[in-house]
Amino acid sequence: MKTIFVTPALSWHPSKYFSAGAGFSFVHSSGLFTRAVCFAPPGVPDPITGATGCTVPGGLLEGRLRLTDTANAFTYNVGLLGKPTDNWKIGFRYRARTDLVFDNADVKFGGAGFAANRSIKASVRPIPLPPVIDVGVFWQIDRSWGAEFVYEHVRWSEFKKIAALFPATTVFLGTPVPGFNLPEKWQDTGTLRLGSYYLLNTNWEIRGGIALGETPIPNRTLNPAIPGADQLSLTAGLGYKLGSLSVDLGYAAVFYKTRRITNNELEGLPATGVPFTGAPGKDKHEIFNNFVSLSFGYRF
């Protein structure tokens, strides 16, 4: 899922020690959900592959679905900033919850059993973008050196499930497929971030940071549809300024904790079929991300 926030904001500075701000956000999101489904009853061989269950690809009792849609929503942000001394700043930010409503999703099916009904419209249960709270402290150590610590809390416990309702005409080998209902039951998360910068001279600045983040996905609902794990992020950056022109180069490496699946929620449509049988404790997720950014700025 890709999400874009457009947030015009206003700020108010009643004194040099305190300021407040607020913004109104337009949110646009595009979602893509793909999943393999298995309708083979336990112990019954597939008519094409002869294998029991869906252990061999390409069987008659195996299908695939691909769901896509876009959604628009609105939310708001508020922030407070205190400056008790010239060297310290304390900030607070709150972003309110909003729901993404994918109510006209395109669903395409694959597999021999879906040959007579390969494309439909579906309604997806609203997916929440939960409330976010950030609290930060900035310390100006000296004229050239500054550091910032931020704690972020996200109420992911409001994300209970992914569910979709299909039209009554949706069938698989003559059997109605009313939709799917996949439990998520995510948990609230906390993230710690520490960043610092140092001015080498009037033109050059170096930056670095570290972050520790919790995953909201509990072991009991971890599955390949939305993988996730606790993570460690390391960042580094270099900035150059010459008059009104600025150039910034940044790099981030994100290391995710290896997770092993300890449940049987691997794949499937629980409302109509049976899950693919995984091997709890053996199937695992290994994820690593890294990003490079380059930006140019000009101050008028």
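Going by the structure above, here's the rest.
Every value quoted in this text rests on a predicted model; they were computed, and no experiment measured them. (Residues numbered from 1 in each chain as written. Predicted model: local features only at pLDDT ≥ 70, side-chain atom pairs only at ≥ 80, totals over all residues. Heavy atoms only, no water.)

Re the packing of aromatic side chains
Applying the stated rule across the entire model yields twelve aromatic pairs. Plain terms: the ring middles of Phe 255 and Phe 288 are 5.1 Å apart, the flat faces sit at 45° to each other, and that makes the pair tilted. Of this pair, Phe 255 sits in strand 19 (residues 245–256) while Phe 288 sits in strand 22 (residues 288–298), and the two are 33 residues apart along the sequence. For Phe 255, a relative accessible area of 37% corresponds to the partly exposed category. Looking at Phe 288, the relative accessible area reads 42%, which means it is partly exposed. (Phe/Tyr/Trp six-rings, centres within 6.5 Å; stacked < 30°, edge-to-face > 60°. Helix = DSSP H or I, 4+ residues; strand = E, 2+ residues; numbered from the N terminus. Buried < 20%, exposed > 50% of the residue type's maximum accessible area, 1.4 Å probe, protein only.)

Some remarks on the side chain of Glu 205
Looking at the secondary structure, you find Glu 205 in strand 17 (residues 204–213). On the basis of relative accessible area, Glu 205 is assigned to the buried category, the value being 15%. Side-chain polar atoms of Glu 205 contact the side chain of Arg 207, separated by 2.7 Å. Those residues in contact with Glu 205 that sit more than four places away from it in its chain are Tyr 197, Tyr 198, Leu 199, Gly 237, Leu 238 and Gly 239. (Polar contact = N/O pair within 3.5 Å; in protein donor to acceptor, adjacent residues only side chain to side chain. Contact = heavy atoms within 4.5 Å.)

Re the pairing of strand 2 (residues 9–15)
Counting buried positions along strand 2 gives zero out of seven residues, so the element sits mostly on the surface. As paired elements, strand 2 and strand 3 (residues 18–38) share five bridges and run antiparallel to each other. Of the residues in strand 3, the one forming a bridge with Trp 12 is Ala 20. (Pairing = 2+ DSSP bridges.)

Description of the pattern of salt bridges
Inspection of the entire model under this criterion finds nine salt bridges. Across the pair Arg 97 and Glu 158 runs a salt bridge whose closest N-O atoms are separated by 2.6 Å. Of this pair, Arg 97 sits in the loop between strand 5 (88–95) and strand 6 (98–100) while Glu 158 is found in the loop between strand 11 (145–154) and strand 12 (161–165), placing the two residues 61 residues apart along the sequence. Assessed through its relative accessible area of 36%, Arg 97 is described here as partly exposed. Linked through salt bridges whose partners overlap, the residues forming this network are Arg 97, Asp 99, Arg 155, Glu 158 and Asp 188. (Salt bridge = Lys/Arg side-chain N within 4 Å of Asp/Glu carboxyl O.)

Observations concerning the pairing of strand 11
The pairing of strand 10 (residues 132–140) with strand 11 spans nine bridges and is antiparallel. Bridging across to strand 11, Val 137 finds its partner in Phe 149. The hairpin turn running from strand 10 into strand 11, its antiparallel successor, is four residues long. Here strand 11 runs beside strand 16 (residues 189–199); their pairing, made up of ten bridges, is antiparallel.

A short note on the environment of Ser 19
Within the element layout of this structure, Ser 19 appears in strand 3. When its relative accessible area of 10% is taken as the criterion, Ser 19 is described as buried. As for Ser 19 and Gly 82, which are separated by 63 residues in sequence, their C-alpha atoms are 6.6 Å apart. Filtering out sequence-adjacent residues up to four positions away, Ser 19 remains in contact with Trp 12, His 13, Pro 14, Gly 79, Leu 80 and Leu 81.

What to know about unusual backbone geometry
Even without being a glycine, Lys 185 presents a positive backbone phi close to 50°. Here Lys 185 lies in the loop between strand 15 (179–183) and strand 16.

Some words on the side chain of Ser 233
Following the sequence through the fold, Ser 233 ends up in strand 18 (residues 231–242). Among residues more than four places away in sequence, those in contact with Ser 233 are Gly 209, Ile 210, Ala 211, Ala 253 and Val 254.

Considerations on the nonpolar core
Counting 30 residues, the largest nonpolar core has Phe 33, Leu 65, Leu 67, Leu 100, Val 107, Phe 166 and Phe 180 as the members making the most contacts within it. Those elements giving two or more residues to this core turn out to be strand 3, strand 4 (62–85), strand 7 (105–110), strand 8 (119–124), strand 9 (127–129), strand 12 and strand 15. At four residues, strand 4 tops the list of elements feeding residues into this core. (Core = buried A, V, L, I, M, F, W, Y, C linked by side-chain atoms within 4.5 Å.)

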